[in-house]
Each structure stands twice: as C-alpha cells, then as structure tokens.
Amino acid sequence: MSLMRPGTKIPFWSPKFTNRADVSPPFLLRLVAGIGFFSVAGVLVYGVAHALGHTGSTVTSLPDGLYIAILHCLLPIGISYSIFANSPLSRPLLAVYVLILGSATALGYGLLGSLTDVAAIRASVVLLAAGTTLFWLFRNSRMRVYFALIAGRPVPPELEEHAERLEATNGFGTKARQTIEWLVESVELLILLGFIVTVFYSFYSTGA
C-alpha cells in the first residue's frame, strides 16, 4: 500500500501536491502569491536589462544587491511556494517580509524609502501599513481558520460556527477573481515575454 499522501495538482510553477488538498487559501492570500511571482519576474527581467546596460541602476554595492535579491526574489519565491503548497510557513515568511520592508522603508532605504525625506511621515506610514498587514495575517478570522486547518489544529471555539462561511467565496466579484487567477497562472508567459522584449530592445538600441 502506498504511503503517498493524496493531493491536488496545481497549475503553473508550484508544488505538485498540496498539504490539506481539501483546503483552499483565502483569495487575498492567493493574490499575495500572485504578486510574489510578479516580483520575481520583475527582478529577473530587470537583471537581464541591467546586464545589457539599459537601466539607470541604483544598485551600487553588494548590500543593495543582497537587499533586492532577498526581499524581491528569494522571499517572494518562498512565500508564493508555501501558499500554493498550503504550508503554515507562509505566515512567518510573510511576517518577515513585512518587517524587513517596513524597517528598510522607515530608515529611508529602497524605492519606498526614497518617496519622502520626512522621517516622521515614513515611520507613520510604515506603522500603519505594517500594523494593518500583520493584524490581517494573525488576527483576521478567515486567516485564523485557514492556518488552523492546514496546521492540523482545531478551529478556535469562537470561530467554529462561522468556519463554513469563512471558507466560502469572499466578497470579490467573480470576474475580478478570475482575472487575478488568470494573471497568476500566466506569469510564466509574462516572464518569457519580458526577456524577449528586453533582448529585442537591446538589439534595437545597439543597432545590431
């Protein structure tokens, strides 16, 4: 008798099988996974464009490169992969991402940190955005139910009567949800197109 656990095959670049295949991540969490793939795609395309010398790069040191690689590539890969795998690791990975991005922004580092020179404004915006995100991640009812289910823990007593409603389709319109899911599944094609456009732009600008 096989010891393989039953699972559901997921399209696109993702784990072949999921933990708790009968549980679907909340829509907002799937949206985060899609944004993570777009972040990775952007870094890859930017890397090619930078290598060809067609960007006004702000990456001038090893720390800058590590910051971009970790925050905009490695962490998004881990977050997206763990969400599609229904892994409880998606929650701490998201929390780490929010804390790193928030700290860097508050210190005036990175693109978001350069939007304003007023430290008080940066700190206020970071506290509001990071606090809201972490509250949603750890205290939102739907998220609490989801992470309890995939971790094999009982649903909190105060949420048991609402579990079925919390797992139902959320308030987003069907067309909007289908559009987002189509974009997530099409990221692989968008990455390829990005590379093609970059190469053609290189040939055009160099007169090759």
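Everything that follows concerns the structure shown earlier in this document.
1. Here we look at the packing of aromatic side chains
Under the criterion given, the structure shown has three aromatic pairs. Relative to Phe84, the ring of Phe37 has its centre 5.8 Å away and its plane inclined at 25°; by these criteria the two rings are stacked. One end of the pair, Phe37, is in helix H1 (residues 27–51); the other, Phe84, is in helix H2 (residues 62–84), and 47 residues separate them in sequence. The exposure class assigned to Phe84 is buried, which follows from its relative accessible area of 15%. Between Tyr67 and Tyr109 the ring centres are 4.8 Å apart and the planes differ by 90°, which places this aromatic pair in the edge-to-face class. In this pair, Tyr67 sits in helix H2 while Tyr109 sits in the loop between helix H3 (90–106) and helix H4 (110–113), placing the two residues 42 residues apart along the sequence. Overall, the relative accessible area of 16% leaves Tyr67 in the buried class. For Tyr109, a relative accessible area of 30% gives the class partly exposed.

2. Section: the packing of helix H5 (residues 119–139) against helix H6 (residues 141–150)
When two helices pack together, their arrangement is given by the angle between the helix axes and the distance between those axes. The N-to-C vectors of H5 and H6 enclose an angle of 50°; their axes lie 6 Å apart at closest approach. The orientation of H5 with respect to H6, classified from their angle, is oblique. For the pair formed by H5 and H6, the contact residues are Trp136, Leu137, Phe138 and Arg139 on the first element and Ser141, Met143, Arg144 and Phe147 on the second. In terms of residue class, the contact of H5 with H6 is built from five nonpolar, one polar and two charged.

3. Overview of the environment of Gly34
As for its placement among the helices and strands, Gly34 is situated in helix H1. Residue Gly34 is classed as buried on the basis of its relative accessible area of 2%. Sequence separation between Gly34 and Ser80 is 46 residues, and the spatial gap between their C-alpha atoms is 7.1 Å.

4. Considerations on a nonpolar patch on the surface
Together, Leu66, Ile70, Leu74, Val96 and Ile100 line one region of the surface with nonpolar side chains, adding up to about 400 Å² of accessible area. For the nonpolar patch, the secondary-structure elements that each account for two or more residues are H2 and H3. Per element, the largest residue contribution to the nonpolar patch is three residues, and it comes from H2. Counting through the fold element by element, Ile70 comes out in helix H2. With a relative accessible area of 40%, Ile70 lands in the partly exposed category.

The rules we used
Residues numbered from 1 in each chain as written. Predicted model: local features only at pLDDT ≥ 70, side-chain atom pairs only at ≥ 80, totals over all residues. Heavy atoms only, no water. Phe/Tyr/Trp six-rings, centres within 6.5 Å; stacked < 30°, edge-to-face > 60°. Helix = DSSP H or I, 4+ residues; strand = E, 2+ residues; numbered from the N terminus. Buried < 20%, exposed > 50% of the residue type's maximum accessible area, 1.4 Å probe, protein only. Axes fitted to C-alpha atoms, helices over the stretch in contact; angles between N-to-C directions. Parallel < 35°, antiparallel > 145°, perpendicular 65-115°, else oblique. Contact = heavy atoms within 4.5 Å. Nonpolar A, V, L, I, M, F, W, Y, C, P; charged D, E, K, R; others polar. Patch = residues over 30% accessible without salt bridge, like charges linked within 9 Å, V, L, I, M, F, W, Y side chains within 5 Å. Areas by Shrake-Rupley, 256 points an atom, 1.4 Å probe, with all protein chains shown as cover. Salt bridge = Lys/Arg side-chain N within 4 Å of Asp/Glu carboxyl O.

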